[in-house]
Amino acid sequence: MSTKRMGRQTVALAAPPSVVSFANIGGKFEGNGPLADSFDELNKDSFFGQKTWEQGESVMQKRVLENALKKAGLESAQLDYILAGDLLNQCIGSSFALRDFGIPFYGLYGACSTMGESLSLASLLIDGGFAERCAALTSSHFCTAERQYRMPVPYGSQRPPAAQWTATAAGCTILAAEGPGPYVTHVTCGTIEDLGICDANNMGAAMAPAAYKTLTALFRETHTTPRDYDLILTGDLGELGHAIVLDFFRRDGLDLTGNYFDCGMLLYDRKNQDMHAGASGCGCSAAVLNGYVLSGMRAGRWKRVVFAPTGALLSPTSSFQGESIPGICHAVCLSCKK
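A brief look at the structure comes next.

1. Here's the deal with unusual backbone geometry
Next up, step 1: For the peptide bond that leads from Gly181 to Pro182, omega is 0°, which places it in the cis range.
Next up, step 2: In this fold, Pro182 is placed in the loop between β8 (169-176) and β9 (183-188).
Next up, step 3: Look at the link from Gly235 to Asp236: it is a cis peptide, with omega at 0°.
Next up, step 4: With respect to the secondary-structure elements, Asp236 resides in the loop between β10 (231-235) and α7 (238-251).
Next up, step 5: Backbone geometry places Phe48, a non-glycine residue, at a positive phi of 50°.
Next up, step 6: Take Phe48: it is sitting in the loop between β3 (41-42) and α2 (53-72).
Next up, step 7: Despite not being glycine, Gln90 shows a phi value in the positive range, around 60°.
Next up, step 8: Take Gln90: it is sitting in the loop between β4 (81-85) and α3 (92-98).

2. A few points about the pairing of strand β2 (residues 18-26)
Next up, step 1: Within β2, eight of the nine residues are buried, which leaves the element mostly enclosed by the surrounding structure.
Next up, step 2: Across eight bridges, β2 lies against β8 in antiparallel orientation. Across the sheet, the residue bridging to Ala23 is Cys172, located in β8.
Next up, step 3: Across two bridges, β2 lies against β3 in parallel orientation. For Ile25, the partnering residue across the bridge sits in β3 and is Glu41.

3. Structural notes on the packing of aromatic side chains
Next up, step 1: This structure, assessed with the given rule, holds nine aromatic pairs.
Next up, step 2: Where Phe29 meets Trp165, the ring centres are 5.2 Å apart and the plane angle is 65°; that geometry is what we call edge-to-face. Taken together, the residues Phe29 in helix α1 (residues 28-31) and Trp165 in strand β7 (residues 165-166) connect sequence positions 136 residues apart.
Next up, step 3: A residue is classified by how much of its surface remains accessible, and Phe29, at 33% relative accessible area, is partly exposed.
Next up, step 4: Looking at Trp165, the relative accessible area reads 14%, which means it is buried.
Next up, step 5: Counting every residue linked through ring pairs, the aromatic cluster contains Tyr212, Phe219, Tyr229, Phe248 and Phe249.
Next up, step 6: A cation over a ring is seen here: Lys28 above Phe29, with NZ or CZ 5.9 Å from the ring centre.
Next up, step 7: Stacked on the ring of Phe22, the Lys or Arg Lys71 has its end atom at 4.9 Å from the ring centre.

Reading guide: rules and limits
Residues numbered from 1 in each chain as written. Predicted model: local features only at pLDDT ≥ 70, side-chain atom pairs only at ≥ 80, totals over all residues. Heavy atoms only, no water. Helix = DSSP H or I, 4+ residues; strand = E, 2+ residues; numbered from the N terminus. Buried < 20%, exposed > 50% of the residue type's maximum accessible area, 1.4 Å probe, protein only. Pairing = 2+ DSSP bridges. Phe/Tyr/Trp six-rings, centres within 6.5 Å; stacked < 30°, edge-to-face > 60°. Lys NZ or Arg CZ within 6 Å of the ring centre and 35° of its normal.

This is a description of form; function is not addressed.
Here you go:
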């Protein structure tokens, strides 16, 4: 017998942690996109100097953490925890990247929502008094994801219009109990939503219900409306998922046009780069947040932002067995004021 959950999904943080540093890394296609200037590092070598793509992804995570620490003027030993994940089996991109740091590590899997998940948990740790500083990071790589989830890259299979391009990118945010901001003021933990989408080439439709449910909970429980935020950013629903979320809220009488965007639609020039519905992969939203968004907040472009990355909780096995694709979305509110 099931019972309806009556608790709240959103936590207002009593001592909002500060973003003290952030960094991102991208690959060749990210360097050809409209957000190229917001990256700390771009590398045209998909192997990142390694023998395999998987090793290359680990190098991305290691470098992005090192870059964020350097920008903050911190040593790795000054971190209390690292929270990280990726799309690979057993999260080997993260564990191999971070094994030499000697810092307490939480390996996370939220698929493409991992940046939101890691930020949420890091914020709660600091707000609860269990940590002073935490690093939240994630990555994805086009070649590693294609090899694991779809077809071998040399196969050259045709992509349908709803398909998205997995970003070769990584992003890292370092949070601390004190700092100049922006600050994480609210965390909304998502629920698993599944409306029966089975097409692994249509991730946007599979994840859109989760984004809608999480954002609805955030607005309801904080007594805010979409107009109370300068920017609402999901990721990475792409063109189709973004349109579905707009339609869901339109049916509720809420108009999100004007300040609602999706990381998957921002990272690439979808027409000239032939990216179909846009970008995907947990590195997509991580790179957009830890470059374009946080730089924009520091520059005063936005004062209050909702960052709500989405994830498709599937595996090759579940797809082969005909399972539908559950979605998840974790959201954080970022503000220039505590």
